[in-house]
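Structure at a glance
These are the residues of each chain, in order.
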Amino acid sequence: MATELLFRDDAYLRSTSARVSAVHERGIELDRTLFYPQGGGQVGDTGVLTRANGERIGVVDTRKGDAHDSVLHLLQDDAPRPEVGEPLTLAIDWERRHALMRLHTALHVLSCVVVAPVTGGNIAPDKARLDFDIDMNLLDAAKIERETNALIARGIATETAWISDEELDARPELVKTMSVQPPRGAGRVRLLRIPGIDLQPCGGTHVANIGEIGAIRVLKIRSEGRRNRRVEIALM
Ligand SMILES: [Zn+2]
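Residues numbered from 1 in each chain as written. Predicted model: local features only at pLDDT ≥ 70, side-chain atom pairs only at ≥ 80, totals over all residues. Heavy atoms only, no water.

Helix and strand content of the protein: 4 helices and 15 strands. Its C-alpha atoms give the protein a radius of gyration of 19 Å, near enough to 18 Å, the size a compact globule of 236 residues would have. Each principal axis of the C-alpha distribution contributes one length, and for the protein these read about 60 × 40 × 35 Å. For the protein, the residues scored as buried account for 49% of the 236 residues in total. Intrachain contacts of the protein at a sequence separation of at least 6 include 64% that bridge at least 24 residues. When the accessible surface of the protein is summed, it comes to about 11200 Å², and 48% of that surface belongs to carbon and sulfur atoms. Side-chain charges of the protein comprise 31 positive and 34 negative groups, with the mean position of each set lying 4 Å from the other. (Helix = DSSP H or I, 4+ residues; strand = E, 2+ residues; numbered from the N terminus. Rg over C-alpha atoms; globule rule 2.2 N^0.38 Å. Buried < 20%, exposed > 50% of the residue type's maximum accessible area, 1.4 Å probe, protein only. Contact = heavy atoms within 4.5 Å. Areas by Shrake-Rupley, 256 points an atom, 1.4 Å probe, with all protein chains shown as cover. Lys, Arg positive; Asp, Glu negative; His and termini not counted. Charge placed at Lys NZ, Arg CZ, Asp CG, Glu CD.)

Spatial strand order, 9-10-15-14: 4 strands in an open sheet with antiparallel pairing. On the outer flanks of this sheet lie strand 9 (118-123) and strand 14 (216-223), each paired with one strand and no other. The average angle at which neighbouring strand axes cross in this sheet is 15°, direction not considered. Bridge count for strand 14 against strand 15 (residues 229-235) is 7 bridges, and the pairing is antiparallel. Paired with valine 218 across the two strands is isoleucine 233, which belongs to strand 15. Packed on one face of the sheet, helix 2 (residues 94-113) meets strand 9, strand 10 (128-132), strand 14 and strand 15 and runs near 135° to strand 15. (Pairing = 2+ DSSP bridges. Axes fitted to C-alpha atoms, helices over the stretch in contact; angles between N-to-C directions.)

The next subject is the pairing of strand 12 (residues 188-194). Counting buried positions along strand 12 gives 5 out of 7 residues, so the element sits mostly inside the fold. With 6 bridges joining them, strand 11 (residues 159-164) and strand 12 adopt antiparallel strand pairing. Note that in strand 12 the partner of alanine 161 across the bridge is leucine 191. Summarising the sheet, strand 12 and strand 13 (residues 198-201) pair through 4 bridges and their orientation is antiparallel. Residue pairing across strands places arginine 193 opposite leucine 199, the latter belonging to strand 13. The hairpin turn running from strand 12 into strand 13, its antiparallel successor, is 3 residues long, and glycine 196 in that turn takes a positive phi close to 85°.

Next up on the list: the layout of surface pockets. By rolling a water-sized probe across the atoms, one finds the places where empty space is left. Here the second largest pocket is characterised by a volume of approximately 170 Å³. Considering the residues around the second largest pocket, the lining is formed by 15 residues, among which Asp9, Ala11, Thr160, Arg190 and His206 are closest to the centre. Listing elements by their share of the lining of the second largest pocket, those giving two or more residues are helix 1 (6-9), strand 11 and strand 12. Each residue belonging to the lining of the second largest pocket can be placed in one class, and the counts come to 6 nonpolar, 4 polar and 5 charged. (1 Å grid on protein atoms, 1.4 Å probe; cavity = no way out; pocket = protein on both sides within 12 Å on 5 of 7 lines; lining within 4 Å. Points joined across faces, edges and corners; volume = space filled by probe spheres on them. Nonpolar A, V, L, I, M, F, W, Y, C, P; charged D, E, K, R; others polar.)

Once that is clear, we can look at the side chain of threonine 33. You can see threonine 33 is positioned in strand 4 (residues 32-33). In this structure, threonine 33 is in contact with Thr3, Glu4, Leu5, Leu6, Phe7, Val71, His73 and Leu90, ignoring residues within four places of it in sequence.

To continue, consider the coordination of the zinc ion. Each protein donor to the zinc ion is listed here as His104 (NE2), His108 (NE2) and Cys202 (SG); together their distances run 2.1 to 2.3 Å. When the donors of the zinc ion are listed by position in the chain, the intervening gaps give H-x3-H-x93-C. Of this pair, histidine 104 and histidine 108 both sit in helix 2, 4 residues apart, which is roughly one turn of the helix. Across this residue pair, the class does not change: histidine 104 and histidine 108 are buried. (Donors = N, O, S within 2.8 Å, 3.2 Å for Na, K, Ca; no water.)

Counting residues in hydrophobic clusters, the biggest one holds 52 residues, and the most contacted among them are Leu49, Leu110, Phe132, Ile213 and Ile233. Here the element with the most residues in this core is helix 2; it accounts for 10 residues. When sequence neighbours within four positions are dropped, the list of residues in contact with isoleucine 213 reads Arg102, Thr105, Ala106, Val109, Ile152, Val207 and Leu235. (Core = buried A, V, L, I, M, F, W, Y, C linked by side-chain atoms within 4.5 Å.)

Before going further, it helps to spend a moment on the packing of aromatic side chains. By the definition in use, this model includes 2 aromatic pairs. Both rings, one in phenylalanine 7 and one in tyrosine 36, keep their centres 5.3 Å apart while their planes meet at 75°; by these two values the pair is edge-to-face. With phenylalanine 7 in helix 1 and tyrosine 36 in the loop between strand 4 and strand 5 (47-50), this residue pair connects regions lying 29 residues apart in the sequence. Take phenylalanine 7 and tyrosine 36: they sit in the same class, and that class is buried. Arranged with centres 5.9 Å apart and planes meeting at 45°, the rings of tyrosine 12 and tryptophan 94 form a pair that is tilted. Of this pair, tyrosine 12 sits in the loop between helix 1 and strand 2 (15-23) while tryptophan 94 sits in helix 2; the two residues are 82 residues apart in sequence, bridging distant segments of the chain. Note on tyrosine 12: relative accessible area 29%, which makes it partly exposed. Above the plane of the ring of tryptophan 162 lies arginine 188, whose end atom (NZ or CZ) is 3.6 Å from the centre. (Phe/Tyr/Trp six-rings, centres within 6.5 Å; stacked < 30°, edge-to-face > 60°. Lys NZ or Arg CZ within 6 Å of the ring centre and 35° of its normal.)

What follows is the structure in structure tokens.
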């Protein structure tokens, strides 16, 4: 069953109400959610569901379900299972999510500082990384840090836009990530635009203004296989 994905239009929504639409062994589905399911390199949200009687149910992870736009909320092991149709109050672990948003947007900025094909990426609450197909001696941690932070300091507002699958096919240069192709088949693809800096398909959650990232530091740069050079960053 498709879930209304509230984080797509408002990544800053921390709490809302919803109804249980399905209960599975692995987790539950809701008619609407603000929990981001793991995808595009960004880990799934955690948080709490509160029942009408005040009972709290921990969400330990969020994953995509089998159906398009369906979301599975994975509950803590010993939690009571809510019933289909039951109303719940949803709250995400906001500090964790906000760190993910800052780091995810930071990777988009980083991808414009290191100009090379992106072969992979991951965003966790404490650090994020991009893998590039590039020569190791072209990567200078201090320079990458300086240039990324200079772009962040420009404080530019981010925008989301949607284009059709056909438009995206006509503009292959938009897709920087070779290993993570944007999801197609739904007829349209979501883009994140940082005006003057970056434009690429992305379904993740982002800060409204890159200034909100603050600043980043490069934790390490290392070789991960013959073609992969991994650049790992954290927030200052
Ligand atoms: Zn992204």
